[in-house]
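Letter by letter, the chains look like this.
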Amino acid sequence: MDPFAAIMLGGVLLLLVALLLLGRFYPGSGAQQLDWRPTRSPELEVQNEIDDMDQMREAVNRRRRARGEPELTEDEVHARVAEDLRDARRLRGDDG
């Protein structure tokens, strides 16, 4: 191997190893170093998810009412999801 190429490759590998070791053994996390905090709390995220689900269910029920079909309740949605999961497991062969 050409000596110049060996020196360059060795330098890049040394730099990579040094950065990996620095990241592994430096105290704290990157978020602490940058003083980063999430913009929203986990509680707010959960509430947003609940609101989204309510809005989606209301939109589905609005269309069902327009077609003359009965509305879906939250329990029916949970039952459909559970049935879909059972069917998916059955098709994969996961019986347990």
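Structure: see above.
Keep in mind it's a predicted model, so treat the numbers as computed, not measured.

Glancing now at the overall build of the chain. Along its length, the chain carries four helices and zero strands. The order of α-helices and β-strands along the chain, N terminus first, is α-α-α-α. A globule of 96 residues ought to have a C-alpha radius of gyration of about 12 Å, yet the chain, at 27 Å, is considerably larger. Projected onto the principal axes, the alpha-carbon positions of the chain cover approximately 80 × 40 × 30 Å. Across the 96 residues in the chain, those meeting the buried criterion constitute 3%. Of the roughly 8,900 Å² that the chain leaves accessible, carbon and sulfur atoms contribute 61%. If the 14 positive side-chain charges of the chain are averaged to one point and the 19 negative ones to another, these points end up 3 Å apart.

Taken as a whole and assessed by the stated rule, the structure comprises nine salt bridges. Of the charged contacts, one joins Asp54 and Arg57 as a salt bridge, the two residues approaching to 3.6 Å between their closest N and O atoms. One end of the pair is Asp54 and the other is Arg57, both in helix H3 (residues 42-67) and three residues apart, which spans about a single turn. The exposure class assigned to Asp54 is partly exposed, which follows from its relative accessible area of 35%. Close ionic contact of Glu58 with Arg65 constitutes a salt bridge, the shortest N to O distance being 2.9 Å. Through salt bridges with shared partners, a single ionic network connects Asp54, Arg57 and Glu74.

A contiguous nonpolar patch, built from Met1, Leu9, Leu13, Leu16 and Leu20 and spanning about 570 Å² of accessible area, is present on the exposed surface. By the element assignment, Met1 lies in the segment before helix H1 (3-25). Residue Met1 is classed as exposed on the basis of its relative accessible area of 78%.

Rules behind the numbers
Residues numbered from 1 in each chain as written. Predicted model: local features only at pLDDT ≥ 70, side-chain atom pairs only at ≥ 80, totals over all residues. Heavy atoms only, no water. Helix = DSSP H or I, 4+ residues; strand = E, 2+ residues; numbered from the N terminus. Rg over C-alpha atoms; globule rule 2.2 N^0.38 Å. Buried < 20%, exposed > 50% of the residue type's maximum accessible area, 1.4 Å probe, protein only. Areas by Shrake-Rupley, 256 points an atom, 1.4 Å probe, with all protein chains shown as cover. Lys, Arg positive; Asp, Glu negative; His and termini not counted. Charge placed at Lys NZ, Arg CZ, Asp CG, Glu CD. Salt bridge = Lys/Arg side-chain N within 4 Å of Asp/Glu carboxyl O. Patch = residues over 30% accessible without salt bridge, like charges linked within 9 Å, V, L, I, M, F, W, Y side chains within 5 Å.

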